[in-house]
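One letter stands for each residue in the lines below.
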Amino acid sequence: MDAVTNTVAISCVIAVVLCAWQLVNILWVRPKKLEMHLRNQGFKGNKYRLLYGDMKELSMMFQESRSKPISLDDDDGVLARVTAFSLHSLQKHVHTLVSCKSNNMLCSSLQSLQSYSSHHC
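An unreviewed UniProt entry lists the protein chain under the name Cytochrome P450, with Lactuca virosa as the source organism.

Asks: Help me understand the overall build of the protein chain in this model?
Replies: Helix and strand counts for the protein chain come out as five helices and zero strands. Listing each helix as α and each strand as β along the protein chain from the N terminus yields α-α-α-α-α. Taken across its 121 residues, the protein chain has 12% of its residues classed as buried. Contacts spanning at least 24 positions in sequence make up 34% of the contacts within the protein chain whose residues lie at least 6 apart. Approximately 9,500 Å² of the protein chain is accessible, and the part contributed by carbon and sulfur atoms is 66%.

Asks: What is the right way to look at the pattern of salt bridges in this model?
Replies: Opposite charge on two side chains permits pairing when their charged atoms draw close. Summed over all chains, the structure comprises two salt bridges. The shortest N-O distance in the salt bridge between Lys-32 and Glu-35 comes to 3.1 Å. You can see Lys-32 and its partner Glu-35 sitting in helix α1 (residues 2-40), three residues apart, about one turn around the helix. The shortest N-O distance in the salt bridge between Glu-35 and Arg-39 comes to 3.4 Å. Residue Glu-35 and its partner Arg-39 are both found in helix α1; the two are separated by four residues, about one turn of the helix. What makes Glu-35 buried here is its relative accessible area of 12%. Via salt bridges that share partners, Lys-32, Glu-35 and Arg-39 belong to a single interconnected network.

Asks: Quick question: what am I supposed to make of the packing of aromatic side chains here?
Replies: Two aromatic rings, taken as a pair, are described by how far apart their centres are and by the angle between their planes. By the definition in use, this model includes one aromatic pair. Here Trp-28 and Tyr-48 contribute two aromatic rings whose centre-to-centre distance is 5.7 Å and whose plane-to-plane angle is 55 degrees, an arrangement assigned as tilted. Placement of Trp-28 in helix α1 and of Tyr-48 in the loop between α1 and α2 (55-67) is noted, with a sequence separation of 20 residues between them. On the basis of relative accessible area, Tyr-48 is assigned to the partly exposed category, the value being 26%.

Asks: Would you mind going over the UniProt feature "transmembrane region" (unreviewed entry) in the protein chain with me for this structure?
Replies: Sequence positions flagged by UniProt for "transmembrane region" (unreviewed entry) are, in local numbering, residues 6-29. The span residues 6-29 is 100% helical and 0% strand by assignment, and the distance between its end C-alpha atoms comes to 32 Å.

Definitions and cut-offs
- For every chain, the first residue of the written sequence is number 1, and numbering continues from 1 onward in sequence order.
- Residue-level local features of this predicted model are given only where pLDDT is at least 70; pairs of side-chain atoms are given and counted only at 80 or more, and the full residue set underlies all totals for whole chains, interfaces and linings.
- Excluding hydrogens and water, the side-chain figures rest on all heavy atoms present in the structure.
- Numbering of helices and strands starts at the N terminus; helices are DSSP runs of H or I of at least 4 residues and strands are runs of E of at least 2.
- Three exposure classes are used, based on accessible area relative to the maximum for each residue type with a 1.4 Å probe and protein chains only: buried under 20%, partly exposed in between, and exposed over 50%.
- Should any heavy atoms of two residues lie within 4.5 Å, those residues are counted as being in contact.
- All accessibility values rest on the Shrake-Rupley procedure with a 1.4 Å probe; residue burial counts only the protein chains present in the view.
- Salt bridges, as used here, are contacts in which a Lys or Arg side-chain nitrogen is within 4 Å of a carboxyl oxygen on Asp or Glu.
- Any Phe, Tyr or Trp ring, taking Trp's six-membered ring, that has another such ring centre within 6.5 Å forms a pair; planes under 30 degrees apart are called stacked, those over 60 apart edge-to-face, and the others tilted.
- UniProt positions are given in the numbering used here, feature names are shortened, and annotations may be inferred rather than shown by experiment.

The structure is reproduced here in structure tokens:
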């Protein structure tokens with residue numbers, strides 16, 4: 001009977017270790033590998049942060065945009081207020097994306113977004 005309990009205990013420990021490794025792999029190893037590969041290809045961006053990501057920066061930009069008055073006559077002001085984080089990300093990272101040549105439609109869309117964000121923000 002003692003051998004059976006030892007086998008069950010060892011099996012449970014192995015199962016827990018495998019589950020823990022899967023969790024670490026999904027939450028940390030894969031995102032860090034992807035970040036490394038993207039940086040090697042020339043993409044720049046924020047570092048991977050476990051659990052909260054860019055939420056702190058997003059909430060700060062949202063609070064800042066809500067603290068300023070908005071004019072309903074100005075469509076660009078509404079867009080900048082509603083999508084402040086997206087516009088900031090476009091301004092910060094679009095130069096890398098515009099350099100792509102694989103999809104002309106995507107590149108032209110990104111170039112028009114870049115020109116919009118540089119003129120209106």
